[in-house]
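Chain and residue survey
Below are the chains, spelled out letter by letter.
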Amino acid sequence: MAVSVFNTRRRTSLVSAFIARTRMFISTPLPQVRDKVSRTKPPKPHGGGGERRRKKQPQEAAARAGGGMGGSSASPCDLDREFAPQIAQLLATPPLQPAQEYYNGLIQSRKHDGIRVNFSSKHGKGVCANKEFAEGDLILKDQILVGAQHSLNKIDCAVCSYCFRFIGSIEFQIGRRLYWQSVGSSSDCTNRRHCRESDVGSSASSSGATKENSSTLPEEVLGSLITGDMSLPFTDHFSLPQVVPCRGCEEERYCSQSCADSDWETYHSLLCTGSKTEPSQRSALQKFIEHANGSNDIFLVAAKAITFTLLRYKKLKTQPEFQNNTDESNFSLLMEAWKPLSMGYKKRWWDSVALPEDVDSCDEDTFRQQIRDLALTIIIFCVSQSLQLLKDAIFDSDGLVVASPVEDYFIHIDDLPDDEKCNISQEEAEKVTRPFLDALGEDYAAPCEGTAFFPLQSCMNHSCCPNAKAYKRDEDTDGNAVIIALEPIKKDDEITISYIDDDVSYEERQAELADYGFICTCPRCQEEKPN
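Procedures and definitions
Sequence positions are assigned chain by chain, starting from 1 and proceeding in written order. Restriction of local features to residues with pLDDT of at least 70 applies here, the model being predicted, together with a cutoff of 80 or more for giving and counting side-chain atom pairs; totals for whole chains, interfaces and linings are based on all residues. Each side-chain value is worked out from all heavy atoms of the structure, with water and hydrogens disregarded. Confidence of the prediction at every residue is given by pLDDT, a number between 0 and 100. Strands here mean DSSP runs of E at least two residues long; helices mean DSSP runs of H or I at least four residues long; both are numbered from the N terminus. Should any heavy atoms of two residues lie within 4.5 Å, those residues are considered in contact. What counts as an axis is a line fitted to C-alpha atoms, over the stretch in contact for a helix, and the angles between N-to-C directions run from 0 to 180 degrees. Should the near helix be turned anticlockwise from the far one by less than a right angle, the crossing is left-handed, and should it be turned clockwise, the crossing is right-handed. Polar here means any residue outside two lists: the nonpolar Ala, Val, Leu, Ile, Met, Phe, Trp, Tyr, Cys and Pro, and the charged Asp, Glu, Lys and Arg; Gly therefore counts as polar. Think of it this way: DSSP has to see at least two bridges between two strands before they count as a pair. UniProt positions are given in the numbering used here, feature names are shortened, and annotations may be inferred rather than shown by experiment. By convention, a stacked pair of Phe, Tyr or Trp rings (six-membered ring in the case of Trp) has centres within 6.5 Å and planes under 30 degrees apart, an edge-to-face pair has planes over 60 apart, and any other such pair is tilted. Exposed residues in this analysis have more than 50% of their type's maximum accessible area, buried residues have under 20%, and partly exposed residues fall in between, with area computed by a 1.4 Å probe over protein chains only. Two limits define a charge over a ring: the Lys NZ or Arg CZ must be within 6 Å of the ring centre, and within 35 degrees of the ring normal.

Counting all residues, the mean pLDDT for the chain is 75, and 69% of those residues have values of 70 or more. Highest mean pLDDT in the chain belongs to strand E8 (residues 253-254) (97); lowest belongs to strand E1 (residues 14-16) (28). Taken together, the stretch residues 198-214 has pLDDT below 50 and engages in 37 contacts with residues farther than four places along the chain or on a different chain. Confidence over residues 378-397 falls short of pLDDT 50; this stretch has 120 contacts with residues more than four positions distant or in other chains.

We now examine the packing of helix H14 (residues 405-414) against helix H15 (residues 426-440). Interhelical geometry of H14 versus H15 gives an angle of 145° and a closest axis separation of 9 Å. The handedness of the crossing between H14 and H15 is left-handed. Side by side, H14 and H15 meet where Val-406, Tyr-409, Phe-410, Ile-413 and Asp-414 of the first sit next to Gln-426, Ala-429, Glu-430, Thr-433, Phe-436, Leu-437 and Leu-440 of the second. Here the residues of the contact of H14 with H15 sort into 8 nonpolar, 2 polar and 2 charged.

Once that is clear, we can look at the sheet that holds strand E11 (residues 448-453). Reading across from one edge, E6-E11-E10 is the order of the 3 strands in this open sheet, with antiparallel pairing throughout. In the strand order of this sheet, the two ends are held by strand E6 (146-149) and strand E10 (401-402), each with one partner. In this sheet, E11 lies alongside E10 in antiparallel orientation, the contact comprising 2 bridges. Looking at E11, one finds that Val-402 is bridged to Cys-448. Helix H10 (residues 298-317) contacts E6 and E11 of the sheet and is inclined by roughly 145° relative to E6.

Here we come to the UniProt feature "domain: MYND-type" (unreviewed entry) in the chain. Cross-referencing UniProt, the feature "domain: MYND-type" (unreviewed entry) maps to residues 246-272 in the present numbering. Taken as a whole, residues 246-272 contains 37% helix and 7% strand, while its terminal C-alpha atoms sit 9 Å from one another.

Each pair of aromatic rings is reported with the distance of its centres and the angle of its planes. The tally for this structure, following the rule as stated, stands at 9 aromatic pairs. Pairing Phe-238 with Tyr-409 gives two aromatic rings, centres 6.0 Å apart and planes at 90°, and the pair type is edge-to-face. Here Phe-238, found in the loop between helix H7 (219-227) and strand E7 (244-245), pairs with Tyr-409, found in helix H14; they are 171 residues apart in sequence, far enough to count as distant. For the pair formed by Phe-238 and Tyr-409, the shared burial category is buried. When the ring of Tyr-499 is compared with that of Phe-518, the centres are 6.1 Å apart and the planes differ by 90°; the resulting orientation is edge-to-face. Of this pair, Tyr-499 sits in the loop between strand E15 (494-497) and helix H16 (506-514) while Phe-518 sits in the loop between H16 and helix H17 (523-528), and the two are 19 residues apart along the sequence. Among the residues examined, Tyr-499 registers a relative accessible area of 1% and is labelled buried. A relative accessible area of 26% means that Phe-518 is categorised as partly exposed. Every member of this aromatic cluster is reached through a ring pair, and the members are Phe-238, Tyr-409, Phe-410 and Tyr-444. One Lys or Arg, Lys-304, reaches over the ring of Tyr-267 and ends 5.3 Å from the middle of that ring.

Written as structure tokens, this is what we have:
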């Protein structure tokens, strides 16, 4: 079983638990993780932006599910040894009946009565049809449980930090992207991933950036686009939600107050680096974020998984029926708070990370021991005043993409009819927008990309001849996962998706799937398997 992600670049899926009193943070410098080591799986295919100024190709995102827990070795950590029984309970495979009840309740709450989650000894979890689906039917639209946009992708796309919908305006998206391009070409900012998001929109001309990557566009033009003082033709056809800032910091932005409040209550109140946060905690959080941005931003998803559990735990403790503050009752509440994530838990990071090409298979045990020891120095988690637990948890990550409205905008300009009723002709509109399109370059329609966990999509198993796929339609403007039927699906049939690019040979598919920990025996593989 897997976690779905908006991840198209990295494969590590680490959820680490840092035990502190009331907040999750990292107080010591962290070792750098090699990029090769940090990938546990090869990137999955996803939809691109389509060919330049041609009809948009809908975004596709592969997703997967599979496997059970792997083995793990004893931990040298004192807390790990002290609380070994509790940790074992946290990381144990959920019993069948509670797991079935959880998924039944989740499906009912989200009104996805067309599917059910089944359990089998052969494949573990799987998703089956409760009704017939025709080709092209929507099977599932799954909400993100925890997720984060890739730090580098924030340069290209301004999206809601909670639902990942594009925000601001077409002008804001274009101006902001070109501003970051100019910053990226400046010798004062050689590492763009460490540039502050709050710098964007303040004053494009104050950055001292060059215009090398922004064609001949003056910096004041970029500033006017960002601030809304300049309008491009026909952008009113592509209205975006206004930007709602975080109540505490300038780093996070939202499409609505509802999303801002939801993010605050679910994750961000413990991760906010704003002035209202206690200075030492703010400094520690900033160090953690800097390390995550500089090494592997899967750690940001890990932090959200941790704060999700902690805030859910604290909310449960406020309920009158849970006022008995014993270690046993606290642990029961922790188990309940952890439940949504425990359903997707697979195995520890060091047991799941792929073996790098420069490490011989005979040295695998030593390599995994080194990775395990590294993991134990990286992150800490806390549950309550009386109960402390330390654990790393692993989820498999898949791709999720949100298409950019900038692509739709330029396609619209390209397809404008020569209509006398229009205030501006197609030729005039193209003349106005051409400099911006040229400045953006071939990758003008970069989508939002990130990493996230979808509880239902992640239960879907792989097939090299799948009957469904993760597919972003034009109307899907947020980060939710969308599963569409590829062919007619009968009631009680299992719904499968492909974890890989299946348009390759049997040998190539098996090689890719080996990194996911199984040998595919789907009908296509059985047919194509050499004698």
